Structures are given as C-alpha cells and as structure tokens.
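Tertiary structure, described
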Amino acid sequence: QVQLVESGGGLVQTGGSLRLSCTASGNMFRINTMGWYRQAPGPERELVAVITSGGSTNYTDSVKGRFTISRDNAKNTVYLQMNSLKPEDTAVYYCNAEIQIYARISPYDYWGQGTQVTVSS
C-alpha cells in the first residue's frame, strides 16, 4: 500500500503565498503522474495542476502564472507553490498520484487527506 500525506495549507491574505507539499510513502512503487485538485464548498473537485514523471506540467486557466507545480523524485514529493492568492482560491486542496505498485498489474490513483487553504479579502 501507498499513502499520501499533505501539508502546507493555512490562512493568508489576498496576494499572499503558500507552498503545499505531498509525500508518498510505502515500498516497491513507482510514481507516474502527480497532481493537485481543489474542492470549494460544494460537490465539484477541480483539477488545478498536474506534472508527469518526465516533468511536463499543465494548469487550469485560473491559476496560470500564479501557481507552480514541481516534484522531487528522490523524496517522492510533489509541491504546489501558490503565489498572488485570491479569495476564489479558497478550497480544500487534495494531492493525487498515479502509482504503480510493482507487485500489481496496473497503476492506481491515490489521494491525500486534503489541506485547507483560506484566502481572506
């Protein structure tokens, strides 16, 4: 099994910055794509940013130029640097990773526990 543990959320004012971290723990696995989703009050969970194992990235339009996703493969960790935060960025942010456990035939999507980001006006 693999677990994803997130940290770095908090309360900031408009224009502030936060850096989220998500670390995968376990044995005998390879991480493929990693990403960040967010969920504001309501049922919709929005894809924010993704990064492939080769380092290619993509972002939802609303965060382009403000957020940066990166990864440290040696630490099995993905980061989301969030700058110029706006109240509309307020949400619970969830880490997601497609992980291949060597003993299994197919990869599987894992989710972090979520971390709250609140941006005050």
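Each chain has its residues counted from 1, running along the sequence as written. Under the rules for a predicted model, residues below a pLDDT of 70 receive no local features and side-chain atom pairs below 80 are neither given nor counted, while totals for whole chains, interfaces and linings still include all residues. Only heavy atoms go into the side-chain values, all of them from the structure, while hydrogens and water stay out.

**Things to note about the packing of aromatic side chains**
Let me state the cut-off plainly: Two aromatic rings, drawn from Phe, Tyr or Trp (for Trp, its six-membered ring), form a pair once their centres lie within 6.5 Å of each other, and the interplanar angle then sorts them: stacked below 30 degrees, edge-to-face above 60, tilted otherwise. Placement of a positive charge over a ring is assigned whenever Lys NZ or Arg CZ falls within 6 Å of the ring centre and within 35 degrees of the normal to the ring plane.
Inspection of the entire model under this criterion finds two aromatic pairs. The interplanar angle of 75 degrees and the centroid separation of 5.0 Å between the aromatic rings of Tyr-108 and Tyr-110 together place this pair among those described as edge-to-face. One residue, Arg-45, lies across the ring of Tyr-94, its end atom 3.8 Å from the ring centre. Its end group placed over the ring of Trp-111, Arg-45 keeps NZ or CZ at 4.9 Å from the ring centre.

**Observations regarding the sheet that holds strand 8 (residues 77-82)**
The criterion, for reference: Any two strands between which DSSP finds at least two bridges are classified as paired. Secondary structure counts use DSSP, requiring at least four H or I residues in a row for a helix and at least two E residues in a row for a strand, with both numbered from the N terminus. Convention adopted: a line fitted to C-alpha atoms gives each axis, helices being fitted over their contacting stretch, and angles between N-to-C directions are expressed from 0 to 180 degrees.
Sheet architecture is open: four strands sit in the order 1-3-8-7, paired in antiparallel fashion. The open sheet is flanked by strand 1 (2-7) and strand 7 (67-72), the only strands paired with a single partner. Averaged over neighbouring strand pairs, the angle between their axes works out to 15 degrees when direction is ignored. Relative to strand 8, strand 7 is paired through six bridges, and the arrangement is antiparallel.

**What about unusual backbone geometry?**
Stated precisely, the cut-off is as follows: Relative accessibility under 20% of the residue-type maximum defines a buried residue, over 50% an exposed one, and the middle range a partly exposed one, all with a 1.4 Å probe and only protein chains included.
Backbone geometry at Met-28 places phi at a positive 55 degrees, although glycine is not the residue there. Its place among the elements puts Met-28 in the loop between strand 3 (18-26) and strand 4 (29-39). Using a relative accessible area of 59% as the deciding quantity, one classes Met-28 as exposed. The backbone phi angle of Asn-76 is positive, close to 50 degrees, even though this residue is not glycine. Relative to the assigned elements, Asn-76 resides in the loop between strand 7 and strand 8. In this structure Asn-76 comes out as partly exposed when scored by relative accessible area, which is 26%.

**Some thoughts on the pairing of strand 9 (residues 91-101)**
Counting buried positions over the 11 residues of strand 9 gives nine, a clear majority of the element. With nine bridges joining them, strand 4 and strand 9 adopt antiparallel strand pairing. The residue of strand 9 that forms the bridge with Phe-29 is Ile-101. Across three bridges, the pairing between strand 9 and strand 11 (residues 115-120) is antiparallel.

**Section: the environment of Tyr-37**
Stated formally: Whether two residues are in contact is decided by their heavy atoms, any of which lying within 4.5 Å being enough.
Along the chain, Tyr-37 falls in strand 4. Note on Tyr-37: relative accessible area 21%, which makes it partly exposed. The sequence separation of Tyr-37 and Tyr-93 amounts to 56 residues, and the corresponding C-alpha distance is 5.6 Å. Excluding residues that lie within four positions of it along the chain, Tyr-37 makes contacts with Arg-45, Glu-46, Leu-47, Val-48, Val-92, Tyr-93, Tyr-94, Asn-96 and Trp-111.

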